[in-house]
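Survey of secondary and tertiary structure
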Amino acid sequence: MSTTKNNNNLLKFHPFSSTVEPSFWLSLSKLKLHSLKLNEDPVPIQGSFSITPPTIRNSKDSGSNNSSVGGLVRIRLDQSSLSSLDTNATKDCTIQNEVRILPGKVLVVNTKEGFKQCDKNEFISTHGVPPLQEEGGEEEAVLAKLASFLVLTYMNLKDHSIVYWFAFPALTPKSGKAISYISQQPPQLLQQIWSQGQMENLHEEYHKLRMLQLQTAIQEKEKKAAYKGCPLYFIIASQEDKIQCHALSYQTFVNLTNEGNHNVMFGFLDATPSSSSSQQQQAPPMGWILRNYIAYLSIKYKLGGMNVQIVSFKPKMLRRIPLDLLNEKENESATLKKKELYSEDGGSFLLNVTVPHANDYQWPSASNTTDTTATTKQHAYKCVGWELNARSKPGPRFLNLTPLLSPTHLAVQAMDLNLRLMKWRMIPSLNLDKLSSTKTLLLGAGTLGCAVARTLLGWGIKNITLVDNGKVSYSNPARQSLFTLADCENGGKDKANAAALALQQIAGPTIQSSGVNLTIPMPGHDFTSTPDEEATVQKDIETLVNLVEQSDVIFLLTDTRESRWLPALLARSYSKMLINAALGFDSWLVMRHGLSTCTSTKSRLGCYFCSDIVAPENSMKDRTLDQQCTVTRPGLANIAASMAVELMVSLLHHEDGVDAPAPAPSTTSTSYSPGIGAQNDNVSSPLGIMPHQIRGSLTSYTLMTPTIPAFQCCTACSDAVVDAYKKDGYEFVKKACCSDSTFLKDVSGLSAFQEEAAAKMEAFMEEEDDWDLEDEE
Ligand SMILES: [Zn+2]
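About the thresholds
Residue positions are given per chain, counted from 1 along the sequence in the order it is written. Where local features are concerned, this predicted model is filtered to residues with pLDDT of at least 70; where side-chain atom pairs are given and counted, the filter is 80 or more; whole-chain, interface and lining totals use all residues. Hydrogens and water are ignored here; the side-chain numbers use all heavy atoms of the structure. For Na, K and Ca the donor cut-off is 3.2 Å, while for other metals it is 2.8 Å, and in both cases only N, O and S atoms qualify; water is not among them, so sites may look incomplete. Geometry is assigned from donor-metal-donor angles: four donors are tetrahedral when every angle falls between 85 and 135 degrees, four are square planar and six octahedral when opposite donors sit over 155 degrees apart with all other angles between 65 and 115, and any other arrangement is irregular. Think of it this way: any DSSP run of H or I at least four residues long counts as a helix, any run of E at least two long counts as a strand, and we number them from the N terminus. The rule is simple: take the accessible area with a 1.4 Å probe, protein chains only, and divide by the maximum for that residue type; under 20% is buried, over 50% is exposed, in between is partly exposed. Paired strands, in this sense, are two strands between which DSSP finds at least two bridges. We define a salt bridge as a contact between a side-chain nitrogen of Lys or Arg and a carboxyl oxygen of Asp or Glu at a distance within 4 Å. The axes used here are C-alpha line fits, helices contributing only the stretch in contact, and every angle between their N-to-C directions lies in the interval 0 to 180 degrees. Relative orientations are named as follows: roughly parallel for angles under 35 degrees, roughly antiparallel for angles over 145 degrees, roughly perpendicular for angles from 65 to 115 degrees, and oblique for any other angle. In this scheme, a crossing is called left-handed if the near helix is turned counterclockwise away from the far one by less than a right angle; it is called right-handed if the turn is clockwise. In this description, contact between two residues means that some pair of their heavy atoms is separated by no more than 4.5 Å. By the convention adopted, Pro, Cys, Tyr, Trp, Phe, Met, Ile, Leu, Val and Ala count as nonpolar, Lys, Arg, Asp and Glu as charged, and the other residues, Gly among them, as polar. On a range of 0 to 100, pLDDT expresses the predictor's confidence in each residue.

1. Notes on the coordination of the zinc ion
Distances from the zinc ion to its protein donors, Cys607 (SG), Cys610 (SG), Cys714 (SG) and Cys717 (SG), fall at 2.2 to 2.3 Å. What the four donor atoms of the zinc ion show is an angle range of 98 to 122 degrees at the metal, which sorts the shape as tetrahedral. For the zinc ion, all donor residues lie on one chain, and their spacing in sequence is C-x2-C-x103-C-x2-C. With cysteine 607 in the loop between β25 (587-592) and α21 (625-628) and cysteine 714 in the loop between β29 (702-704) and α23 (719-728), this pair connects stretches of sequence that are 107 residues apart. Each member of the pair, cysteine 607 as well as cysteine 714, carries the same accessibility label: buried.

2. Quick word on the pairing of strand β6 (residues 149-156)
In terms of residue burial, β6 counts as a mostly covered element, since seven of its eight residues are buried. Pairing between β6 and strand β7 (residues 161-171): seven bridges, direction antiparallel. Across the sheet, asparagine 156 pairs through a bridge with serine 161, a residue of β7. Hairpin connection from β6 to β7: four residues lie between these consecutive antiparallel strands, with histidine 160 at a positive phi of about 60 degrees.

3. Considering the pattern of salt bridges
Across all of its chains, the model carries 13 salt bridges by this definition. Among the salt bridges present, the one from glutamate 204 reaches lysine 208, with a minimum N-O distance of 3.6 Å. On the criterion of helical spacing, the pair formed by glutamate 204 and lysine 208 is a turn pair, its members being four residues apart in helix α9 (residues 196-219). Members of the salt-bridge network, linked through shared partners, are Glu21, Arg76 and Asp78.

4. Looking at the packing of helix α19 (residues 531-550) against helix α24 (residues 730-738)
Between α19 and α24, the shortest axis-to-axis distance is 11 Å and the interhelical angle comes to 120 degrees. As the angle between them shows, α19 and α24 are arranged oblique. Seen along the crossing, α19 lies across α24 with a hand that is right-handed. Where α19 abuts α24, its residues Glu534, Gln538 and Ile541 lie against Tyr730, Val733 and Lys734. Of the residues in the contact of α19 with α24, the class split is three nonpolar, one polar and two charged.

5. Overview of the confidence of the model for the protein chain
When pLDDT is averaged across the protein chain, the result is 83; 84% of the residues are at 70 or more. A low-confidence stretch, residues 1-6 stays under pLDDT 50, and its non-local contacts, those more than four residues away or across chains, total three contacts. Every residue in residues 367-377 scores below 50 in pLDDT, and together they form five contacts with partners more than four places removed in sequence or on other chains.

6. Some words on the sheet that holds strand β24 (residues 577-583)
The eight strands are arranged β22-β21-β20-β23-β24-β25-β28-β29 in an open sheet whose pairing can be described as mixed. Two strands bound the open sheet, and with one partner strand each, they are β22 (512-517) and β29. With direction set aside, neighbouring strand axes in the sheet form an average angle of 15 degrees. Judged from the five bridges that link them, β24 and β25 form a sheet pairing that is antiparallel. Note that in β25 the partner of isoleucine 579 across the bridge is arginine 592. Packing against the sheet, α19 makes contact with β20 (439-443), β21 (463-468), β22 and β23 (553-556), and its axis sits at approximately 145 degrees to β20.

7. Things to note about the side chain of glutamine 198
Note that glutamine 198 resides in helix α9. Since its relative accessible area comes to 10%, glutamine 198 is described here as buried. Among all residues touching glutamine 198, those that are not within four sequence positions of it are Glu240, Asp241 and Ile243.

8. Some thoughts on helix α20 (residues 565-573)
Counting buried positions along α20 yields nine of nine residues, so the element is predominantly enclosed. Residues Trp565, Leu566, Pro567, Ala568, Leu569, Leu570, Ala571, Arg572 and Ser573 constitute the buried set of α20. Looking one or two residues beyond α20, the residue adopting positive phi is serine 575, at roughly 55 degrees.

Here it is as structure tokens:
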């Protein structure tokens, strides 16, 4: 037989086409961002196809969702295509009642270059070859992988552009060995050979096989997950007028053949849309899955060189089987309902095919080309099947999802992107869920408050409450980044509310921000002059206590000393992380307040008032304008705010939170700032060390990170003060604010401490008097 003669008998095949719903790409982007990251291993996915009647093609539904529109057999992917990854979902699995599921793999490369440079031939032959060469193995498992697909893609997560290329791998025999039909027996429409009864019999039998497999899958748990829909490959046996359909199995094939009284045919479900003229003689292109079927029969059934009968089985349509129908008892109505699911024939063909030999599928391996060193394989399987692009040329397709995404969705995605990318390489242990669920309370919505809030957005913090009693004034917008001139009009908006609104305008509605307008009571600021005033302040205190209780982290960003007293006390009383930031003209302080005793240093970290030897009192008295306003170098607030937020993020990543040990001051070097080194390994979070205090100066551009333990007689955080607050609550706060400063000094024990210190100093001075005088001379 010459090859030229054969060429006329070559079978043609109709390739699959891909249809990808945007939801698939969205799910895949999420997977890439959250779990795959830099990993470039192929990920198992699945696609589905269905068979719809050709009449739908011309009617109202000319959308792209029909499987056979425009004569294409579409493999459809959507968000459920990735659900096979969810092992929980398959465990207590709902049956996958699609008409047919195909397994696939997607490989997401990390760069556009990687996409371009990927050797497409090698890719399809590496990942697309069905496991035919392996000996043994469950026949069902091999068959399940016989028809599959591959996706190679690069997704630019920043601008939502995607480049992708589908392949429907088909084993191909060596050139000159292509699949052909026997010239004396050209393909024939089955209807022209078989009687009407036989045709109906075939469809009924296929349907029964389908029902049987579905029923088995439902009853046998381990088969549930493996169920992929109606059978693609099966055996048809005809005996006189009677037709039977069997699941494809080598044993069945051998048994039927040995019985001798059957005509055994290999059937496959051909999704290729039927041609409009059903009476045509010329064979249309056959379903793509026939290529691997024949390879399978050659290699696994050892039918190479033999003539076999193949039925391209084409129902007009296949409906999903309603699951409740399976449980229905056999009665007339059930039988009727089942009959309704049968399909008419859509142009099934009978083919007489000469199966290529198994070694016709063995191509000379790469070792025959330039590289003769490494490979030991003598031969390799070769696959074809890259999809043509929209211009019917071999090449990838391009897609931009941006128009499909709502602005809000885009904003949320984009905001998260930089944070997610940090997890890829820089900080894999970054806990973004913890950050996004952390509730922050910002006391002060001025220069520091605005800057802290904006930096919190950068870290993906979504829950921000701001407290302030001021209104936005014309002097604010230039320095306070959440306000504009419009906020200053008509006497100015409430600062806290304006700032909260601005956060949502900047970062979208997923930000839960709110503003609370209240005055923080301060020692030295009597509020009992009128009953009305006292009632207001009492309510403010209640509100503040509630806010503190509901929050995870408190930022103390007010602009006077004494307004920090009550929040400092509340933070310790309710065990809340508190980060304090304060500005001088050209220096700043950021510190955390200790809550309990650190295990490593055996002392609690101090608060803002611990270094004081005076109680807080009214510092606004006798102040000139430049002393009353926060007059600072304009860059200072942003530096301090950034440090405060970064410190919080580090602390949230340490199991002890705000009580994470602070690094011990360096004993060897003259530097105040301990670096990250072996000695500090136990005091660091994934983001580095966590100092107790950060003091910076803009005149010398230096930083110090001192660690100062709590002072036992502190007027804000000592046990005595906390106990007094816990005991008397509002009455204690009232006394502290409205009586003179000796009250707090007495409660905290500071008065006694000062007296003792004074007495000691006196004694010391008396003792050393002479010596001092002598020395000065
Ligand atoms: Zn203290």
